[in-house]
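Architecture at a glance
Given next are the chains, with one letter for each unit.
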Amino acid sequence: MELVNLKNSGDTASFAEAVKRGLGKNQGLYFPATIPTLGDVDELLDKPFVERSIAILRSIIGDELGDGLLEEIVQQAFTFPAPVETVTDRIYTLELFHGPTLAFKDFGGRFMAQCLSRISAGEPVTILTATSGDTGAAVARAFHGIENINVVILFPKGKISPLQEKLFSTLGDNVHTVAVEGDFDICQSLVKTAFDDPDVREGLHLNSANSINISRLLAQVCYYFEAVSQIPAEKREQLVVSVPSGNFGNLTAGMIAKAMGLPIKRFIAATNLNDTVPRYLKTGEWEPNATVATMSNAMDVSQPNNWPRIEALIEQGYIDKSCLRGESVDEEYTQLAMRQLAHHGYTSEPHAAIAFRAVSHDLNEGEYGLFLGTAHPAKFRETVENVLGQPLSLPKPLQEVAGKESLAVTLPADYQALKAHMMELLK
Ligand SMILES: *Cc1c(COP(=O)(O)O)cnc(C)c1O
C-alpha cells in the first residue's frame, strides 16, 4: 500500500511507515494513493465478519504485512460483534459498543495496537495521548500488557466521568495515567510540546495513537460492511447512513467503504452545537467557532482533524459531493431524540441520539436510515438517567472497574513536570 501526505505529495509512506509515523511532514495526513474497488461485494457480504474484514483490509493494505500476519491481527483485534438493531420500521442502528471499553474506538484502538506491536517488533515505543474520555480507555486497554510498548495517557482532572476514568486508570502495568490540573486543550498542548521535544520524542520513541493514524481508520471501514450485511438486500441501495461526528474519522471510514463499492446511498454528518462542518456544507465557508461543551462531549470538536481526508475523497472523485449532507442538533433536540428512542423501546445516549435525530429528520420517501451507536448508554449514565428518568444498570466492563482505585498521578499543567515524570517513569 502506498500513502501520500495530503500536504506534501512528495512525502509518501508504506502502511507500516504511516502507522509508525502517525502524521506526515508539516502535520499532513496520510491518504491512500489509490482506493481499490472490490469485485463481488454481495459475495463478500455473505462472509462472516472476521473473514470478510481480512479480505477488505488485504485489498487496501496489499501483502505488505504478509498474509498470515494480517489474519492474526484482525482475529485478535475484532473479538466482539457489531449487531444491527431495528429501531423503527425505516430506521436501524449499528451498535459499535460491545468491545472492552464500550465505545466504537475499540475497533480502531485494538487494530492499531496489534499492527504497531508487530510492525515495531521488539523496538521500544511510548504511546503518549491526551483524552477527553473514550480514546484513552480504548487505547489503554488495547495496548495493556503488550511487551515493549508503554502508554502514557493525559486527561483533564475531574473533567471526565468517574467511570470513564476508571476504565483506563485502574489498569497499571505498562499503562501510566496522569490527571492534569487543566482542561483537555491543555492536555493536548502538553502532548504537542512533548512531540516537539527531541529528548522525549527520540529518547522515548513517541507515537500518538490518535485518530489520525491510518490503521485506526482502515479498521473502521470493516464495520460499515458488517452493517450493510445485516440490512435486507432490497433496502441496501436506499440506505442513508448517519454518523455522529467529532473529529470525522468515523465518517471518513464510511466514505472509504462506499468508495470501495459498498452500497450506501448517502451519508449525513451529524454534529452537536459544534457545527463547523454542517455550516461549511451549506455555505462553503470554513469558519470554526470556539468549542462549546455539550452532553455529547466526545463530539465537542470545532476543528475536526480528519476533514482534509473527506475533502480528498470528494476532490479525487471517489464520492460525489451530493452524497454528503450535514445536520447540527442542539441540546434540546438531543434530549428529545433520546426520549423518542426510549418511546420506540430503545435506550440510547446523546451521541447516537444526535445521529438518530438527523436521519429521521432528513429521510426521503423510499429511503431507509441507519445511525451509528458509538457508545454504550451506561458510559453516560448520569445524563441518560436524568433525561429518561429511569435507572440504568451497569454492563460488566463498568461493574468490574467501578470499585477499583484509580492509579492516576496528578500533575500541574506544566510541561517540565510532565517531562520529568515521563523520564523517571520510563528510564
Ligand atoms: C469519538 C466519538 C465520536 C466521534 O467520532 P469521530 O470519529 O471523532 O467523528 C462520537 N461518539 C462517541 C461516543 C465517541 O467516543
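One structure accompanies this document, and this report is about it.

Conventions we followed
Residues numbered from 1 in each chain as written. Predicted model: local features only at pLDDT ≥ 70, side-chain atom pairs only at ≥ 80, totals over all residues. Heavy atoms only, no water. Axes fitted to C-alpha atoms, helices over the stretch in contact; angles between N-to-C directions. Helix = DSSP H or I, 4+ residues; strand = E, 2+ residues; numbered from the N terminus. Parallel < 35°, antiparallel > 145°, perpendicular 65-115°, else oblique. Contact = heavy atoms within 4.5 Å. Patch = residues over 30% accessible without salt bridge, like charges linked within 9 Å, V, L, I, M, F, W, Y side chains within 5 Å. Areas by Shrake-Rupley, 256 points an atom, 1.4 Å probe, with all protein chains shown as cover. Salt bridge = Lys/Arg side-chain N within 4 Å of Asp/Glu carboxyl O. Lys, Arg positive; Asp, Glu negative; His and termini not counted. Charge placed at Lys NZ, Arg CZ, Asp CG, Glu CD. Phe/Tyr/Trp six-rings, centres within 6.5 Å; stacked < 30°, edge-to-face > 60°. Buried < 20%, exposed > 50% of the residue type's maximum accessible area, 1.4 Å probe, protein only. 1 Å grid on protein atoms, 1.4 Å probe; cavity = no way out; pocket = protein on both sides within 12 Å on 5 of 7 lines; lining within 4 Å. Points joined across faces, edges and corners; volume = space filled by probe spheres on them. Nonpolar A, V, L, I, M, F, W, Y, C, P; charged D, E, K, R; others polar.

Focus on the packing of helix α14 (residues 331-343) against helix α15 (residues 350-362)
Direction vectors running N to C along α14 and α15 enclose 90°, while the axes themselves pass 8 Å from each other. Considered as vectors, α14 and α15 are oriented roughly perpendicular to each other. Residues Y333, T334, A337, M338, Q340 and L341 of α14 form the contact with α15, whose participating residues are P350, A353, I354, F356 and R357.

Structural notes on a negative patch on the surface
On the surface, D40, D42, E43, D46 and E237 cluster together to form a negatively charged patch. Of note, D46 is situated in the loop between α2 (41-45) and α3 (49-61).

Thoughts on the packing of aromatic side chains
Geometrically, a pair of aromatic rings is defined through the distance of the ring centres and the angle of the planes. Inspection of the entire model under this criterion finds 14 aromatic pairs. With a centroid separation of 6.2 Å and 80° between ring planes, the pair formed by F49 and F107 is classed as edge-to-face. Of this pair, F49 sits in helix α3 while F107 sits in helix α5 (residues 105-119), and the two are 58 residues apart along the sequence. Assigned by exposure class, F49 and F107 land together as buried. An aromatic cluster of three or more residues is present, and its members are F49, F78, F80, F107, F111, Y223, Y224 and F267.

So, the layout of surface pockets
Approximately 180 Å³ is the volume found for the second largest pocket. If you go around the second largest pocket, the residues you meet are Y280, L281, G284, W307, E311, I314, E315, K321 and L324. Going through the elements one at a time, α12 (276-283) and α13 (307-315) are the ones with two or more residues in the lining of the second largest pocket. Considering only residue class, the lining of the second largest pocket consists of five nonpolar, one polar and three charged.

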